[in-house]
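Residues per chain are reported as follows:
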Amino acid sequence: MGGSQMFLEVGDRVKFVDLIKGIATISANDGALAMAEFLAGSQDAFVHRMNQKAETLGLKHTHFANAHGLHAEGQETSAMDMANLGFHYINEHPEALEYHKLPTCTYGGITQKNWNPLLDRGVGVDGLKTGYLARSGYHILFSALQDGRRLVGAVMGAETPDVRDTDALELIRYGFKNF
């Protein structure tokens, strides 16, 4: 399948919570596909639900074509839409942050480190998701909490992971200082 994986095999029986951990910590594309098939019967049916939810949330520049986020024709989004999605996700499922901030994920005897490099930077980051696509660069959807204030934001299209992380940290520091 490509990209980040838990290395699921056809026929594996995986605990639901293990799929959540894999998706949240290591961006497991195979875990996202397995979750979609479990919840909706097929990836296509799940993607249809994703697009309905995007419309309900007012994500005007987002169209999903698959459950995992790897490149697909017609799939698009914007940083504003992703930040909006992250905001709603946290408000509707605050317990999910416990999975996003796990330092590692172990499945099938393989332990992988959480892809989010901002978790240990001392600025209150507790999630959410990193990504990379050859066509559009490095991305991060972040959530940070300090003194009871939560920021949610996104950086998309960075040329390197370092640029992405530096831009996200600047946004976080600016947000907590000025809002």
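Everything discussed here concerns the structure shown above.
Presented here is an overview of the structure given in this document.

The rules behind each value
Residues numbered from 1 in each chain as written. Predicted model: local features only at pLDDT ≥ 70, side-chain atom pairs only at ≥ 80, totals over all residues. Heavy atoms only, no water. Helix = DSSP H or I, 4+ residues; strand = E, 2+ residues; numbered from the N terminus. Buried < 20%, exposed > 50% of the residue type's maximum accessible area, 1.4 Å probe, protein only. Contact = heavy atoms within 4.5 Å. Polar contact = N/O pair within 3.5 Å; in protein donor to acceptor, adjacent residues only side chain to side chain. Salt bridge = Lys/Arg side-chain N within 4 Å of Asp/Glu carboxyl O.

Our next topic: the environment of glutamate 37. Take glutamate 37: it is sitting in helix α2 (residues 29-40). The exposure class of glutamate 37 is partly exposed, given its relative accessible area of 42%. Along the backbone, glutamate 37 and alanine 67 are 30 residues apart, and their C-alpha atoms lie at a distance of 9.4 Å. Residues contacting glutamate 37, with those up to four places away along its chain left out, are Ser42 and Gln43.

A few words now on the side chain of threonine 25. Topologically, threonine 25 is positioned in helix α1 (residues 16-26). Exposure remark for threonine 25: the relative accessible area of 1% places this residue in the buried category. Separated by 2.6 Å, the side chain of threonine 25 and the backbone oxygen of lysine 21 make a polar contact. Setting aside its immediate chain neighbours within four residues, threonine 25 contacts Tyr99, Leu102, Thr104, Cys105, Lys113, Asn114 and Trp115.

The next point concerns the pattern of salt bridges. Counting across every chain of the model gives four salt bridges. The residue lysine 101 makes a salt bridge to glutamate 98 at a minimum N-O spacing of 3.5 Å. The class for lysine 101 is partly exposed, based on a relative accessible area of 37%. According to the relative accessible area criterion, glutamate 98 is partly exposed, its value standing at 48%. The closest approach of N and O atoms between aspartate 126 and arginine 150, which form a salt bridge, is 3.0 Å. Taken together, the residues span a long stretch of sequence, with aspartate 126 in strand β3 (residues 125-133) and arginine 150 in strand β5 (residues 149-158) at a distance of 24 residues.

This part covers the side chain of glutamine 112. Turning to its location among the elements, glutamine 112 is positioned in strand β2 (residues 110-113). Accessibility expressed as a relative area gives 18% for glutamine 112, which makes it buried. Discounting residues that sit within four places of it in the chain, glutamine 112 has contacts with Gln5, Met6, Phe7, Ile26, Pro103, Thr104 and Cys105.

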